[in-house]
Amino acid sequence: ETSSPGSFHFDRKAAEAALQSHGHDEIFQPLRAYIEKPLNDTVPDTIDKGNLNEKRPKIEAGRPAMWYVPLPLRENTPGDLRVFEYGHKLRSCNDLPAKLPIDRGLGNHVAPNVNNRKTFSSGEMDKWEEAKEGTPVQADPFLPWIHDMFPDSTGSVIHFVAQNKRRCNSGKVHWDDIHALEPQVTIMQPVSVKRIDEKTAQELAPSLWSDGKSSDQRYRLAPHEEADADGMFTRFICRFKAMDYSKSPPELITVGETLSTYPYNYEFVNYRKEVGDLSMLTPKGKDNAMFWQAQQRFDCPVPDNGDLRSMIASGEGVLSDGTPSVYVDFVPIRTAPRYGKQMSYFTPDMAGETIGFPQDTFGWGDLMKSNVVPANGKVVNDVSDDHPPRLMKNGFDARLFWGDSHVIPRIEASGRWENLPVCKPPANYVGKDDKALVEGDKPHKLAACLWASASFKTRGDAQAVSDTTSRLIEWIEFHLLVGFDHIYVYDNTGAHTDKVSLESTLFPRFLDSEVTRIDWPCRVCNNNIPAHENTGERSSQYAAENSCRARFGPTTEWMASFDTDEYLIPMGRFNSMREVVDDAANSGTQILTFKSTRAIPQRTYMEPFHKHKDCGTESDPGCLSVQPGHLFAEVYNCDFEASPKPGWAERAKKQLYRSEYVLAHYVHYATVTQGLVETIDEAKEANHRWDMHFRESRENDHVTDEINQAVMLHTKTTVPEYTTEWKERCAFGFKPAHGKNCRIGFPWPSNDDKGNEKATPEGYGYNCFTNEKLSAFWLPKLRDAMEQRNTRVESLKTS
């Protein structure tokens with residue numbers, strides 16, 4: 001059934017009564033993935049994969065396969081689709097986002113995420129088994145790899161947070177899998193569509209499947225000059241459904257259909273990223289350097305139909321046991337990908353009527369002429385009397401590639417996500433004293449995102465780390481102390497163990513108004529070291545940052561993503577990071593950049609250690625470990641580099657940023673900003689210069705003054721086995737071979753490395769600098785704050 005516009009009515013009492021009468025299982029609609037076969041859009045065996053031994057992405061990047069034009073119709077029937085159901089995993093809104101079908105889950109993975117050589121193309125892994133037990137994205141890569149979804153606070157938009165799964169591997173052995181995943185990039189490139197009725201659809205494409213009865217909305221691919229206003233830059237059909245609780249049993253009815261939008265145009269971002277040519281993907285597939293394409297976001301506007309938006313905004317549609325009342329089907333519109341800047345699909349307001357192209361770096365300047373093959377013996381003319389003239393003088397030729405009659409199949413015959421549950425908007429945790437923090441309409445001035453686990457292994461499984469819980473407690477306490485209003489913890493413990501989580505570490509120690517925990521058990525899909533031939537993506541971490549920015553950015557003025565070993569310390573006259581960001585905002589700064597260098601543990605706080613094969617014996621221990629009872633910020637207050645740190649320390653920088661200005665952030669970098677997505681028409685209206693290549697100014701992206709503003713201390717754990725032979729390596733005058741440096745700190749007296757004192761009385765060379773404000777001002781406050789917190793926790797136990 002379909003609800004007529006404006007007629008949808010929701011009655012919470014009737015909904016709860018229906019839940020009691022019929023039960024969850026009769027009302028709940030399970031999530032499904034419908035898998036569609038690959039597009040028949042290219043001529044077989046015409047792709048040039050390039051030189052897979054050449055690591056530089058632009059060099060010998062290959063050449064795309066030849067395209068059939070116009071794009072052949074997708075003549076599927078509903079029976080052609082393979083269906084996978086995930087109702088056994090995702091049972092209610094209480095399971096979001098943790099139980100979305102992202103991977104197989106702890107203990108069920110087929111391929112390792114370090115040194116993996118297993119592929120789907122070789123048959124070592126089965127994409128259908130993966131679709132059943134994990135995610136359907138490898139089987140149908142037009143489906144986004146969704147890690148999170150939620151409505152905005154007004155109930156007018158559903159946000160989807162996804163990751164580009166094509167980036168999980170980059171090694172030569174994985175090329176066929178990487179090639180098969182090209183649609184993961186294609187869905188980041190907008191298409192334009194025009195609505196048509198069923199009769200027109202049958203006239204234009206009589207070979208497409210139809211049930212002969214329905215009058216559902218239909219669509220055809222159409223160039224910008226013919227597309228609907230809301231179909232100019234889209235990629236998915238969003239079909240909304242809701243439970244009609246007036247029926248017994250309740251029935252699922254369609255309450256509207258919209259076209260997806262993007263938070264920004266990914267193709268336009270690609271266009272402005274470099275002076276030279278740049279392609280969102282290459283046949284060679286060595287595209288991971290373009291890290292701004294790792295994180296994906298898509299939005300579905302909610303139809304304006306009666307109570308629909310208000311019930312979503314209020315969360316009333318989520319029943320008492322977590323059963324949702326509203327669902328959305330997410331249906332990709334499938335086309336071939338576009339390559340290079342010369343195939344950019346823009347309108348004149350974006351970069352002008354003529355898109356400026358740099359030199360033809362890839363040798364693809366002729367793709368739209370010599371890389372096309374007529375389908376059905378005929379190529380559509382570029383201009384005819386039956387069509388309005390093109391809006392653009394160059395760029396992607398939509399009429400050539402899509403023709404006049406490429407009708408999108410009916411939803412029932414299309415691969416799709418079905419029954420994605422629409423749950424509550426993100427909770428806005430505000431404490432009773434937080435009104436003073438409000439700047440504009442945002443309740444939080446400063447918030448941090450953490451992706452953390454009770455235990456984990458570092459890149460390449462180089463070392464096991466199990467001190468997260470004690471680190472986490474100290475880190476949160478410190479950053480609340482220095483002015484952060486709220487900490488969002490994405491708990492990745494479930495990717496490593498099912499025995500514990502960070503829940504008991506965080507609560508009731510911290511208040512709900514201080515800390516929010518999001519269960520985030522999905523695994524990093526590639527944990528190789530950066531120098532590995534198959535360097536890939538720490539997908540879980542990057543998706544968590546994407547989610548945190550999308551979920552909580554609207555309620556936060558300044559935010560950042562950090563690790564629990566990174567401390568932001570206000571310096572100079574500043575005694576709060578809120579003061580620091582206020583001062584930055586007054587100067588017009590949008591991003592505060594913190595240089596990063598490695599601190600080491602001070603010998604003063606260490607004791608002999610032998611419980612490792614490389615650490616000697618009990619009678620003659622060869623290593624050192626940190627003594628219990630000391631603060632991490634105290635132990636590691638010992639940096640190889642004095643402030644101000646050298647320019648190379650920006651390589652591993654971290655950033656605080658204004659959430660309204662930074663639209664996407666990737667670990668160390670603001671990848672998409674308002675400045676980057678500014679169009680040529682917007683620049684003209686603002687009366688300033690616009691160039692194809694955009695670079696963030698130092699006025700917007702400011703490196704902190706580490707003496708007078710703020711500094712970051714990076715306290716990465718030094719495990720005992722890294723201190724082997726420390727007596728020899730730390731001796732004054734020792735000349736270390738590669739990898740044999742002293743990993744123990746001996747602070748320079750009074751931080752003076754220019755004086756005559758070069759070594760301790762025991763003969764160990766001074767090698768690091770302490771932060772005196774941290775020692776004298778912040779550490780005593782931190783101890784007091786943690787003692788008060790411990791007293792509160794103990795009182796809760798006895799009350």
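In the block above lies the structure referred to throughout.
Predicted, not measured: the structure shown is a model, and the values here were computed from it. (Residues numbered from 1 in each chain as written. Predicted model: local features only at pLDDT ≥ 70, side-chain atom pairs only at ≥ 80, totals over all residues. Heavy atoms only, no water.)

### Some points on empty space enclosed by the protein
Empty space among the atoms can be located by rolling a probe the size of a water molecule over them.
Okay, step 1: Inspection of every chain in the model, using the stated rule, returns 10 cavities of 30 Å³ or more.
Okay, step 2: Looking at the largest cavity, its volume works out to about 390 Å³.
Okay, step 3: Considering the residues around the largest cavity, the lining is formed by 25 residues, among which Phe 120, Glu 130, Lys 165, Arg 523 and Cys 525 are closest to the centre.
Okay, step 4: Its residues assigned to classes, the lining of the largest cavity comprises 12 nonpolar, 6 polar and 7 charged.
Okay, step 5: By volume, the second largest cavity amounts to about 120 Å³.
Okay, step 6: Those elements that place two or more of their residues in the lining of the second largest cavity are β14 (444-452), α14 (539-552) and β19 (556-562).
Okay, step 7: Taken together, the residues of the lining of the second largest cavity sort by class into 8 nonpolar, 2 polar and 3 charged. (1 Å grid on protein atoms, 1.4 Å probe; cavity = no way out; pocket = protein on both sides within 12 Å on 5 of 7 lines; lining within 4 Å. Points joined across faces, edges and corners; volume = space filled by probe spheres on them. Nonpolar A, V, L, I, M, F, W, Y, C, P; charged D, E, K, R; others polar. Helix = DSSP H or I, 4+ residues; strand = E, 2+ residues; numbered from the N terminus.)

### Topic: the pattern of salt bridges
Okay, step 1: Here the structure, examined in full by the defined rule, presents 58 salt bridges.
Okay, step 2: A salt bridge links Lys 286 to Glu 533; the nearest nitrogen and oxygen atoms lie 3.9 Å apart. One end of the pair, Lys 286, is in the loop between α7 (266-272) and β10 (295-301); the other, Glu 533, is in the loop between β18 (515-519) and α14, and 247 residues separate them in sequence.
Okay, step 3: Here Glu 634 makes a salt bridge to Arg 783, at a shortest N to O gap of 2.5 Å. Of this pair, Glu 634 sits in helix α16 (residues 632-635) while Arg 783 sits in helix α19 (residues 772-798); the two residues are 149 residues apart in sequence, bridging distant segments of the chain.
Okay, step 4: The exposure class assigned to Glu 634 is buried, which follows from its relative accessible area of 11%. (Salt bridge = Lys/Arg side-chain N within 4 Å of Asp/Glu carboxyl O. Buried < 20%, exposed > 50% of the residue type's maximum accessible area, 1.4 Å probe, protein only.)

### With respect to unusual backbone geometry
Glycine aside, the phi torsion of most residues is negative, and most peptide linkages are trans.
Okay, step 1: With an omega dihedral of -5°, the bond running from Leu 96 to Pro 97 counts as a cis peptide bond.
Okay, step 2: Within the fold, Pro 97 resides in the loop between β3 (82-85) and α3 (127-133).
Okay, step 3: Omega for the bond connecting Ser 248 with Pro 249 falls within 30 degrees of zero, at 0°, which places this linkage in the cis form.
Okay, step 4: Tracing the chain through its elements places Pro 249 in the loop between β8 (236-244) and β9 (251-259).
Okay, step 5: Phi at Asn 115 is positive, roughly 55°, even though this residue is not glycine.
Okay, step 6: Taking relative accessible area as the criterion, Asn 115 reaches 52% and is therefore assigned exposed.
Okay, step 7: In this structure, Asn 751 takes a positive phi of about 60° despite not being glycine.
Okay, step 8: Classification of Asn 751 by relative accessible area gives partly exposed; the value is 21%.

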